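# Structural features, examined
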Amino acid sequence: MGTLKGGFVCSLNGELRGLTKEQLEVVAAELGLNKVIDSLIGDDKVRGVSGGERKRANIGVELIKNPSALYLDEPTSGLDSFQAQSVMETLRNLASNGHTVVCSIHQPRSSIYAMVDHLVLLAEGHCVYNGASGAACHSYFAKLGHPVPEDFNPADHLLDIISVDYRTDDQEQSSKARLGTITESWGATGAEAAEASD
């Protein structure tokens, strides 16, 4: 079991043998890991860094390679709300500093949803929205008869309206009909509507 610094260096497998201490420290600073760079990563038996720090370290392993884009599958899964927020703030900062960040997020809280610039919503294998998040997205769904309720997490609302409810036959039929209308609308005019809202 090693430290975060060791994990960064070992994960490169010789790809960047000329990596300097300064380069490593820049990545650690960008991810908010300077204070724990020499800490043990930890495992089931030995306490190490927090779950959020471990997730950010995994992101750091990729950043050291200086990719043009980061693709992350549910980077907040398994984290408490504070650590999830911390990881997403890190990703938001990376995006603000010129990195392209693409990630899937499972059940984001409203403050995490607010950090998203561009949103792609998929339902039952179909794209039902692909455009700016926030007001543009909310306006699009309001025009379809599904406005975001006041004082409600927009992400929860969007997931509710694009999900099939299998609790009863009636709920399944009505939710499938709603989703069918949303899917058809996006296929017919959604892309143009989203661009007009940008």
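Shown above is the structure to which this text applies.
Here the structure is a predicted model, which is why all the values come from computation and not from measurement.

## Focus: the pattern of salt bridges
For the coordinates displayed, the defined rule picks out three salt bridges. A salt bridge links Arg92 to Asp117, with the shortest nitrogen-to-oxygen separation between them at 2.6 Å. A residue pair is termed long-range when its members are at least 10 positions apart, and Arg92 in helix H4 (residues 81–96) and Asp117 in the loop between helix H5 (110–113) and strand E3 (118–123) qualify at 25 residues. Glu172 is the partner of Lys176 in a salt bridge, and the nearest nitrogen-oxygen pair spans 3.0 Å. Taken together, the residues Lys176 and Glu172, both in helix H8 (residues 169–197) and four residues apart, mark about one turn of the helix. Judged by its relative accessible area of 42%, Lys176 falls in the partly exposed class.

## Quick notes on the pairing of E3
Residues Leu119, Leu121 and Ala123 line the buried face of E3, whereas the alternating positions His118, Val120 and Leu122 sit on a face that is not buried. Sheet topology note: the E3/strand E4 (residues 126–132) ladder contains six bridges and is antiparallel. Paired with Leu122 across the two strands is Cys127, which belongs to E4. Between the end of E3 and the start of E4, which pair antiparallel, lie two residues, with Glu124 showing a positive phi angle near 50 degrees.

## A short note on unusual backbone geometry
Negative phi values dominate among residues other than glycine, just as trans dominates among peptide bonds. A positive phi angle, near 50 degrees, is found at Glu74, a position not held by glycine. Along the polypeptide, Glu74 turns up in the loop between strand E1 (69–73) and H4. Classification of Glu74 by relative accessible area gives partly exposed; the value is 30%. In this model, Gln107 sits at a positive phi of 50 degrees, which is unusual for a non-glycine residue.

## Digging into the nonpolar core
By size, the foremost hydrophobic cluster in this structure holds 22 residues, and its most contacted members are Leu31, Leu33, Ile59, Leu63, Leu91 and Leu94. Contributing elements (two or more residues each) for this core: helix H2 (21–30), helix H3 (51–63), E1 and H4. Of all the elements, H4 adds the most residues to this core, at five residues. Excluding anything up to four places from it in sequence, Leu91 contacts Ile59, Leu72, Pro75, Val101 and Cys103. Within the second largest apolar cluster, 19 residues are counted, among which are Val128, Ile161, Val164 and Trp186.

## Here we look at H3
Here H3 spans 18 Å end to end across 13 residues, near enough to the 18 Å set by a 1.5 Å rise per residue. Residues Gly52, Glu53, Arg56, Ala57, Ile59, Gly60, Val61 and Leu63 constitute the buried set of H3.

## Some points on the packing of aromatic side chains
Tallied over the full model, the rule gives five aromatic pairs. Summarising the aromatic geometry, the rings of Tyr129 and Phe141 are spaced 5.8 Å apart at their centres and angled 45 degrees between planes, so their arrangement reads as tilted. Within this pair, whereas Tyr129 is found in strand E4, its partner Phe141 is found in helix H6 (residues 135–143), the two being separated by twelve residues in sequence. Accessibility classification places Tyr129 together with Phe141 in one group, the buried group. Each ring, one from Tyr129 and one from Trp186, has its centre 5.3 Å from the other, and the planes form 55 degrees; the classification is tilted. Placement of Tyr129 in strand E4 and of Trp186 in helix H8 is noted, with a sequence separation of 57 residues between them. Relative accessible area serves as the criterion here: at 0%, Tyr129 is assigned to the buried category.

## Brief notes about H4
With 16 residues, H4 ought to run about 22 Å at 1.5 Å a step, and its terminal C-alpha atoms sit 22 Å apart, in line with that. Check the buried side of H4 and you find it contacts H2, H3, E1, strand E2 (100–104) and H5. Two or three places before Phe82, at the start of H4, stands the capping residue Asp80, its side-chain oxygen 3.1 Å from that residue's backbone nitrogen. Directly beyond the C-terminal end of H4, a positive phi value near 100 degrees is found at Gly98.

Reading the values: the criteria
- Residues numbered from 1 in each chain as written.
- Predicted model: local features only at pLDDT ≥ 70, side-chain atom pairs only at ≥ 80, totals over all residues.
- Heavy atoms only, no water.
- Salt bridge = Lys/Arg side-chain N within 4 Å of Asp/Glu carboxyl O.
- Helix = DSSP H or I, 4+ residues; strand = E, 2+ residues; numbered from the N terminus.
- Buried < 20%, exposed > 50% of the residue type's maximum accessible area, 1.4 Å probe, protein only.
- Pairing = 2+ DSSP bridges.
- Core = buried A, V, L, I, M, F, W, Y, C linked by side-chain atoms within 4.5 Å.
- Contact = heavy atoms within 4.5 Å.
- Expected span 1.5 Å × (residues − 1).
- Phe/Tyr/Trp six-rings, centres within 6.5 Å; stacked < 30°, edge-to-face > 60°.
- Polar contact = N/O pair within 3.5 Å; in protein donor to acceptor, adjacent residues only side chain to side chain.

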